[in-house]
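One-letter residues, chain by chain:
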Amino acid sequence: MDWNTIWFILIAVLFTGFFFLEGFDYGVGILLPWMGKDDQERRFVINTIGPFWDGNEVWMITAGGAMFAAFPHWYATLFSGFYIALVLLLLALIARGVAFEFRSQVDDPRWRKVWDQAIFWGSLLPALLWGVALANILRGVPVDGSMTYVGGFFNLLNPYALLGGVTFVLIFTLHGAHFLALKLADDMAARAETVAAKVWPFAVGALVLFAGATIPVLGDAPNRLAAVVLVILALAALSGSRVFAHRQTWGKAFTSLAVGIALMTVALFVGLFPRVLVSSLDPAYSLTIYSAAASDYTLKTMTIVAGMLVPVVLIYQGWSYWMFRQRIGRKSKLTY
Amino acid sequence: MSVIALARWQFAILTVIHFFFVPLTLGMTVFLAILETLYVRTRDETYKKMVQFWSKVFLINFALGVVSGIVQEFQFGMNWSEYSRFMGDIFGAPLAIEALLAFYLESTFIGVWVFGWEKLSPKLHAAMMWLVAIGSNLSALWILIANSFMQEPVGFVLRNGRVEMVDFFALIKNPNVWVQFPHVLSAGMTTAGFVVLGLSAALLLKGRGDEWVLRSFKASAIYGLVGVLLVTWVGHSQAQHMVQQQPMKMAAAEAHWETENPAAYTIFAIADPASRRNAVSIRIPGFLSLLSYDRFSGEVKGINELQATYERKYGPDNYIPPVNFMFYSFHLMVLAGMLMPVLAIYALYLHHKEQVAEKRWFLKWLVWGISLPFIASTTGWLVTEVGRQPWIVLGLQKVQDAVSPAVSVGEAAFSLFALTLVYVLITGVGIYLVLRHLDAGEPSSVGAGY
């Protein structure tokens, strides 16, 4: 296996970590208006992700940094091409990030309503945009022979990509509901369980549609087969999560869906491989792990660095989740 | 406006605002870690009150730094795609390491610190703040390793139409890193010191003379003083390094047009860029040689000779940065750096004499003094970045060749407008929240549930 392939896998791992971790905290943000009937309840909901959301977000930032380091042309073409989508993503993430910190500082219903809105839209929009972006990367966008995107913003909003966006939103919402069922106490936990049951059919339905629409745009035959198998497994994991939820084993339900999200992400990357950004103008213009890559020296150096650091990160992030494993309810001291 | 003008304005505005929050985070994390360690060691509740009160100011600032930092990570690709292609092999690596090594560390442990008051032992809790401090200061190291390559390219070859890394350790050992990084680190200390000092003065003006306020006053004056003395000392060797490596930048900052030996120091000038000389100037003979080489002789190259040299080397172009802008930015930084020690020393003198609360006029000065470190770090970065013009990577790529061809004027205008507006709004809200916190004047709000 060459360095380029290793880095393609590593970036897939970073995106998997990002969707698995930030997936549920986007979901929690999306569910905020439904889960919290009053300020106190909304505080419970927000405090479930309080210690984690910032660390989760670093998975996205690292994925971006790794794209820059390992596949600079991918980073350059994608980020300059999907410009307006990226601006919207940044605006949403800014609003969401400050909202967590600012919301609790003033005890006034109007003030808190503003930041509740910021958390909701700041979670919904990034979930949608990442789905739209990945779907477009796979489906193909107008990239010319000089690796420049020539499509404009509205080109990205095709039905297939929007379906991808909606799928991401629904799956993350379900993921968030499972997380809340694990992290909230008493009646709030019961409410999260009900929400999870209601969201599940929509999430599965969207994934089935999206997967079906994806098959024609997948790459070569062996990859196509692997991606289809992975998606079927992802759907099985989603079904498993419902079975576990029905049995009231929420830890297993959460894990099962997390595995489903990981499989779905891996399926997208397998379908993409060895391309990193598909050109709809000419297959020859597609960016690949070779045409978009950094030098072998940089890839090798970064492999060593990542090999040393990623395990350490996993250990201490895992420790922080263990530290704050208790459920949050009426007896908890709230920070946010 | 053209796409490139919009992209330049956007990068300048967003980065300057981002760097209001960064030095405060760098200095505050260390300051809080020291205070909390003192608390753990002495069990003196006053230290705990100090940590609780100032950490709230810090956390508001930290949130602003985090969200504006995401934009920094993405906007190279968004607005400067040709730069990203040309530099990705070198620039992406330290950026990715910054995320892996520093961002994870600070973001994970700040969460544990904020939410862990009741769950962790006091010792472990203080250790969390040290990890945040190490994380944030490491992030400064790696982004400066990336930035230093733009000022002083090392460890690379030109291949495949781009710069390719051949020696990773040369990037880390880049001499520019080791003058720039200590400068930024001590600037962080200075910023945190003068912000806490100014806000403590504001509390005293409100009649809040509690022990924790007075002790904050003293601690921040010491911390800020140490910071500003270090920043000046390191800044001096940084300037000497730049005379060697980036002579045009220093010559422009000194409005030094003609090569001289010994070189005179210009303390006041109005440059006339059209005729390439100073219209008005006041000069002290020999002093620029002294500053450059620690002796009263030694040749310092002037702007005009450097321009001629670069035209021979790189072809015809204007290699002279805007001289008046450079001269006044640089000297504003120096002036702020000279005022701060005076303020800190007098503050410590008053504290020693137990006359702090009586000198209300001086307390008001200290409140205004909060602006000084921000003026200094902003003008310092303007000198560093504007002084490299027309290059984006010194001697290798010009700014005009770095901008994204995929971005339209409308898109660039939208992002400039929207992001600037949001930055101004959230900064305003942050300041409002700090002022509110100051009005409440109570340190009990962290960990007690609010």
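Our structure is the block above this text.
Quick notes on the rules
Residues numbered from 1 in each chain as written. Chains lettered and ligands numbered in written order. Predicted model: local features only at pLDDT ≥ 70, side-chain atom pairs only at ≥ 80, totals over all residues. Heavy atoms only, no water. Helix = DSSP H or I, 4+ residues; strand = E, 2+ residues; numbered from the N terminus. Rg over C-alpha atoms; globule rule 2.2 N^0.38 Å. Areas by Shrake-Rupley, 256 points an atom, 1.4 Å probe, with all protein chains shown as cover. Lys, Arg positive; Asp, Glu negative; His and termini not counted. Charge placed at Lys NZ, Arg CZ, Asp CG, Glu CD. Phe/Tyr/Trp six-rings, centres within 6.5 Å; stacked < 30°, edge-to-face > 60°. Buried < 20%, exposed > 50% of the residue type's maximum accessible area, 1.4 Å probe, protein only. Lys NZ or Arg CZ within 6 Å of the ring centre and 35° of its normal. Contact = heavy atoms within 4.5 Å. Buried area = accessible area lost by both parts, 1.4 Å probe. Salt bridge = Lys/Arg side-chain N within 4 Å of Asp/Glu carboxyl O. Expected span 1.5 Å × (residues − 1). Axes fitted to C-alpha atoms, helices over the stretch in contact; angles between N-to-C directions. Parallel < 35°, antiparallel > 145°, perpendicular 65-115°, else oblique. Nonpolar A, V, L, I, M, F, W, Y, C, P; charged D, E, K, R; others polar. Polar contact = N/O pair within 3.5 Å; in protein donor to acceptor, adjacent residues only side chain to side chain.

A. Highlighting the overall build of chain A. Each helix and strand in chain A was counted, giving 11 helices and two strands. Of the regular secondary structure in chain A, the N- to C-terminal order runs α-α-α-α-α-α-α-α-α-α-β-β-α. Relative to the compact-globule value of 20 Å for 336 residues, chain A shows a C-alpha radius of gyration of 20 Å, a close match. When the backbone C-alpha atoms are referred to their principal axes, chain A occupies close to 60 × 40 × 40 Å. Taken as a whole, chain A presents about 11,800 Å² of accessible surface, with 70% of it coming from carbon and sulfur. Charged side chains in chain A number 23 positive and 19 negative. The centres of these two groups are separated by 9 Å.

B. Structural view of the packing of aromatic side chains. Applying the stated criterion across every chain, the model contains 68 aromatic pairs over all chains. Between F18 of chain A and F19 of chain A, the ring centres sit 5.0 Å apart and the planes meet at 35°, which makes this aromatic pair tilted. The buried category is assigned to F18 of chain A, whose relative accessible area is 1%. Measuring from ring centre to ring centre gives 5.8 Å for W361 of chain B and F362 of chain B, while their planes differ by 70°; the resulting arrangement is edge-to-face. With relative accessibility at 47%, the residue W361 of chain B sits in the partly exposed group. Here the aromatic residues F20, F24, F52, W53, F100, F179, F254, Y321, F324 and Y336 of chain A together with F115 of chain B are joined through ring pairs into a cluster of three or more. Just above the ring of Y39 of chain B sits the side chain of R43 of chain B; from NZ or CZ to the centre is 5.9 Å. A cation sits over an aromatic face here: R215 of chain B above Y47 of chain B, 4.7 Å from the ring centre.

C. Looking closely at the interface of chain A and chain B. Contacts between the two partners involve 72 residues from chain A and, on the opposite side, 76 residues from chain B. For the pair chain A and chain B, the summed buried area comes to about 6,400 Å², and 74% of that belongs to carbon and sulfur atoms. When residues of chain A are sorted by the area they lose upon contact with chain B, F68, Y83 and I94 of chain A head the list and together hold 11% of the total. Summed over the shared surface of chain A and chain B, the number is one salt bridge. Salt-bridge contacts for E118 of chain B lead to K333 of chain A; the nearest nitrogen and oxygen are separated by 3.6 Å.

D. Layout of helix 13 (residues 371-386) of chain B. Residue and element names in this part refer to chain B. For helix 13, spanning 16 residues, the distance from its first C-alpha to its last is 22 Å, which sits close to the expected 22 Å at 1.5 Å a residue. In terms of residue burial, helix 13 counts as a mostly covered element, since 12 of its 16 residues are buried. Every buried residue belonging to helix 13 is among L372, P373, F374, A376, S377, T378, T379, G380, W381, V383, T384 and V386, and all of these are buried. Residues of helix 13 that are buried sit in contact with helix 1 (3-42), helix 4 (122-151), helix 6 (175-205), helix 8 (247-253), helix 11 (323-352) and helix 12 (360-369).

E. Just the packing of helix 1 (residues 3-35) of chain A against helix 2 (residues 39-49) of chain A, in detail. Residue and element names in this part refer to chain A. Running from amino to carboxyl end, helix 1 crosses helix 2 at an angle of 180°, the nearest separation of the two axes being 10 Å. Judged on the interaxial angle alone, helix 2 and helix 1 are roughly antiparallel. For the pair helix 1 and helix 2, the contacting residues are F24, D25, V28, L32 and M35 in the first and E41, R42, V45, I46, T48 and I49 in the second. Looking at side-chain class alone, the contact of helix 1 with helix 2 contains seven nonpolar, one polar and three charged residues.

F. Just the side chain of R103 of chain A, in detail. Residues and elements named next belong to chain A. Residue position: R103 is located in helix 5 (residues 83-103). Residue R103 is classed as buried on the basis of its relative accessible area of 2%. Here the side chain of R103 touches D116 through a polar contact of 2.5 Å, side chain to side chain. Residue contacts for R103: discarding those within four places in its chain leaves D39, R42, R43, I46, W111, R112, W115, D116 and I119.

G. Structural context of the side chain of S241 of chain A. Residue and element names in this part refer to chain A. Following the sequence through the fold, S241 ends up in helix 9 (residues 221-246). According to the relative accessible area criterion, S241 is buried, its value standing at 0%. At 2.6 Å, the side chain of S241 forms a polar contact with the backbone oxygen of L238. In this structure S241 touches H178, W200, A253, S256 and L257, once residues within four positions along its chain are discounted.

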